[in-house]
Amino acid sequence: QVQLAESGGGLVQAGGSLRLSCVASGRTFSTLVMGWFRQAPGKEREFVAVSIWSGSSAYYADSVKGRFTISRDNAKNTVHLLLDNLKAEDTAVYYCAARLTYANRNVDYVRVDAYDYWGQGTQVTVSS
């Protein structure tokens, strides 16, 4: 079992930055893939970024490329998402997710149903 807890959300102005954190507990060694998703009111949960242990790879949604950075602090069982140059459309609840196995195709990591565990989310609100 893996438990995930997000933190770091808040209210920021457009163009500002925010760092989200997700602390994993339990069977943390098995969290080979850690992803970030977000969901705005009335919209589906969408992929933001993923960190893959093997090869230290990271992939991002086109909408956040160049602005967001995912990173891991393995010693603290934590994955971070640095949100830079925030835009109003970034406003959403941000969720951390963990997958216990590698996928056959990297494209699978963008799917919500590809993940085994989810946190409760942290709200990010970007004001103009």
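Reading the values: rules and limits
Residues numbered from 1 in each chain as written. Predicted model: local features only at pLDDT ≥ 70, side-chain atom pairs only at ≥ 80, totals over all residues. Heavy atoms only, no water. Core = buried A, V, L, I, M, F, W, Y, C linked by side-chain atoms within 4.5 Å. Buried < 20%, exposed > 50% of the residue type's maximum accessible area, 1.4 Å probe, protein only. Helix = DSSP H or I, 4+ residues; strand = E, 2+ residues; numbered from the N terminus. Contact = heavy atoms within 4.5 Å. Phe/Tyr/Trp six-rings, centres within 6.5 Å; stacked < 30°, edge-to-face > 60°. Lys NZ or Arg CZ within 6 Å of the ring centre and 35° of its normal. Salt bridge = Lys/Arg side-chain N within 4 Å of Asp/Glu carboxyl O. Pairing = 2+ DSSP bridges. Axes fitted to C-alpha atoms, helices over the stretch in contact; angles between N-to-C directions.

(A) Seen up close, the nonpolar core. If you look at the biggest cluster of nonpolar residues, it comprises 38 residues, and the most contacted ones within it are L4, W36, L81 and Y94. Mapped onto this core, the elements with two or more residues apiece are β1 (2-7), β3 (18-26), β4 (33-39), β5 (46-52), β7 (68-73), β8 (78-83), β9 (92-99) and β11 (122-127). The contact partners of Y94, leaving out residues within four places of it in the chain, are E6, L20, W36, F37, R38, V48, F68, L81, L83, G121, T122 and V124.

(B) Region of the structure containing the packing of aromatic side chains. All told, the structure shown has four aromatic pairs when counted by the stated rule. Seen in terms of ring centroids, F37 and Y115 are 5.2 Å apart; in terms of plane orientation they differ by 80°. Their pairing is edge-to-face. Linking F37 in strand β4 with Y115 in the loop between β9 and β10 (117-118), this pair joins segments that are 78 residues apart in sequence. F37 sits in the buried class, given a relative accessible area of 0%. For Y115, a relative accessible area of 6% gives the class buried. Through pairs of rings, three or more aromatic residues link up here, namely F37, F47, Y115 and W118. Lying over the aromatic face of Y95, R45 brings its terminal NZ or CZ to 3.7 Å of the ring centre. Against the face of W118 rests R45, its NZ or CZ located 4.9 Å from the ring centre.

(C) Region of the structure containing the pattern of salt bridges. Within this structure, the stated rule accounts for six salt bridges. A salt bridge links R38 to D90, with the shortest nitrogen-to-oxygen separation between them at 2.8 Å. Residue R38 is located in strand β4, and its partner D90 is located in the loop between β8 and β9; the two are separated by 52 residues in the primary sequence.

(D) Local environment of the sheet that holds β1. With antiparallel pairing, four strands are arranged side by side in an open sheet as β1-β3-β8-β7. The sheet is open, and its two edges are formed by β1 and β7, each paired on a single side. Mean inter-strand twist for the sheet, computed between neighbouring axes without regard to direction, equals 20°. Pairing analysis gives six bridges linking β3 to β8, with the strands arranged antiparallel. When the sheet's bridge partners are listed, S21 is paired in β8 with H80.

(E) A look at the environment of L11. Along the chain, L11 turns up in strand β2 (residues 10-13). On the basis of relative accessibility, which here comes to 64%, the residue L11 falls in the exposed class. Considering only alpha carbons, one finds L11 and T125, 114 residues apart in sequence, at a separation of 4.8 Å.

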